[in-house]
Amino acid sequence: MLRPAYIEAATALAREHRLATHLDGARICNAAVTRSASAARSVRGFDSVSVCLSKGLGAPVGSVLCGSHAFIKQALRWRKMLGGGMRQAGILAAAGLYALEHNIARLAEEP
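This text gives an overview of the structure that appears in the document. Just so it is clear, the model here is predicted, and its values are computed rather than measured.

1. Regarding helix α2 (residues 28-35)
Reasoning step 1: Among all positions of α2, only I28, C29, N30, A31 and A32 are buried.
Reasoning step 2: Of the surrounding elements, those touching the buried residues of α2 are β1 (22-25), α3 (39-43) and β2 (48-52).
Reasoning step 3: Looking one or two residues beyond α2, the residue adopting positive phi is S36, at roughly 55 degrees.

2. Digging into helix α4 (residues 69-81)
Residues lying three or four places apart along an α-helix face the same way, a consequence of the helix completing one turn every 3.6 residues.
Reasoning step 1: Compared with an ideal rise of 1.5 Å per residue, which puts 13 residues at 18 Å, α4 spans 18 Å between its outermost C-alpha atoms and is within 8% of the ideal.
Reasoning step 2: Remark: G83 follows α4 within two positions and exhibits a positive phi of approximately 80 degrees.

3. Remarks on the sheet that holds strand β3 (residues 63-67)
Reasoning step 1: With mixed pairing, three strands are arranged side by side in an open sheet as β1-β2-β3. The open sheet terminates on both sides in strands that have one partner only, identified here as β1 and β3. Each neighbouring strand pair of the sheet contributes to a mean axis angle of 15 degrees, computed without reference to strand direction.
Reasoning step 2: Set on the sheet, α4 makes contact with β2 and β3; between it and β3 the angle comes to about 135 degrees.

4. Let's talk about the environment of H102
Reasoning step 1: By secondary structure assignment, the location of H102 is in helix α5 (residues 90-102).
Reasoning step 2: Measuring from C-alpha to C-alpha, the distance between H102 and L57 comes to 8.8 Å, with 45 residues separating the pair along the chain.

5. Some remarks on the side chain of T21
Reasoning step 1: Position of T21 among the secondary structure elements: in the loop between α1 (4-16) and β1.
Reasoning step 2: Looking at T21, the relative accessible area reads 11%, which means it is buried.
Reasoning step 3: Non-local contacts of T21, meaning those with residues more than four positions away in its chain, are made with T11, A14, G45, F46, D47 and S48.

6. Side note on unusual backbone geometry
Reasoning step 1: Positive phi, close to 55 degrees, is recorded for R18, a residue that is not glycine.
Reasoning step 2: Checked against the element boundaries, R18 lands in the loop between α1 and β1.
Reasoning step 3: At Q88, a residue that is not glycine, the phi angle is positive and equals roughly 50 degrees.
Reasoning step 4: Tracing the sequence through the fold places Q88 in the loop between α4 and α5.
Reasoning step 5: Taking the relative accessible area as the measure of exposure, Q88 reaches 77% and is therefore exposed.

Definitions and cut-offs
- Along each chain, the written sequence defines residue order, and numbers are assigned to residues from 1.
- With the structure being a predicted model, the display of local features is reserved for residues of pLDDT at least 70 and the display and counting of side-chain atom pairs for 80 or more, all residues being used for whole-chain, interface and lining totals.
- The side-chain quantities take in all heavy atoms of the structure and omit both hydrogens and water.
- Think of it in three bands: residues with accessible area under 20% of the maximum for their type are buried, residues over 50% are exposed, and the middle band is partly exposed, with areas taken using a 1.4 Å probe on protein chains only.
- Numbering goes from the N terminus for both helices and strands, where a helix is a DSSP run of H or I of at least four residues and a strand is a run of E of at least two.
- Contacts between residues were defined by any pair of non-hydrogen atoms, one from each residue, lying within 4.5 Å.
- Multiply 1.5 Å by the residue count of a helix minus one, and that product is the helix's expected span.
- DSSP-based pairing: two strands are paired if at least 2 bridges between them are found.
- Helix axes are fitted to C-alpha atoms over the stretch in contact, other axes to C-alpha atoms as well, and angles between N-to-C directions run from 0 to 180 degrees.

Below, the structure written as structure tokens:
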């Protein structure tokens with residue numbers, strides 16, 4: 001696990017050079033619980049972050065991409081152009097919502 005000071009220095013350097021930053025937050029909720037910090041605090045300084053709903057949170061599949069409105073709009077366009085959409089994904093979305101609402105607190109129970 002990287003130290004917060006290192007992450008802050010790296011994202012500051014990227015901003016200084018006008019570079020966008022992305023955090024692969026596959027287990028960001030696990031890290032937040034381990035550090036006793038909010039996920040929002042853990043991703044501060046990044047332009048975008050992906051959060052996996054199946055690793056640790058118990059959803060069957062899925063990830064969430066977070067970022068600015070303009071970034072998400074562009075990401076949705078690229079997803080559509082590359083054929084990444086899903087039909088009738090509501091049941092999977094419901095499982096993802098359940099995981100976010102009920103399973104983050106349970107991460108502290110992991111061995």
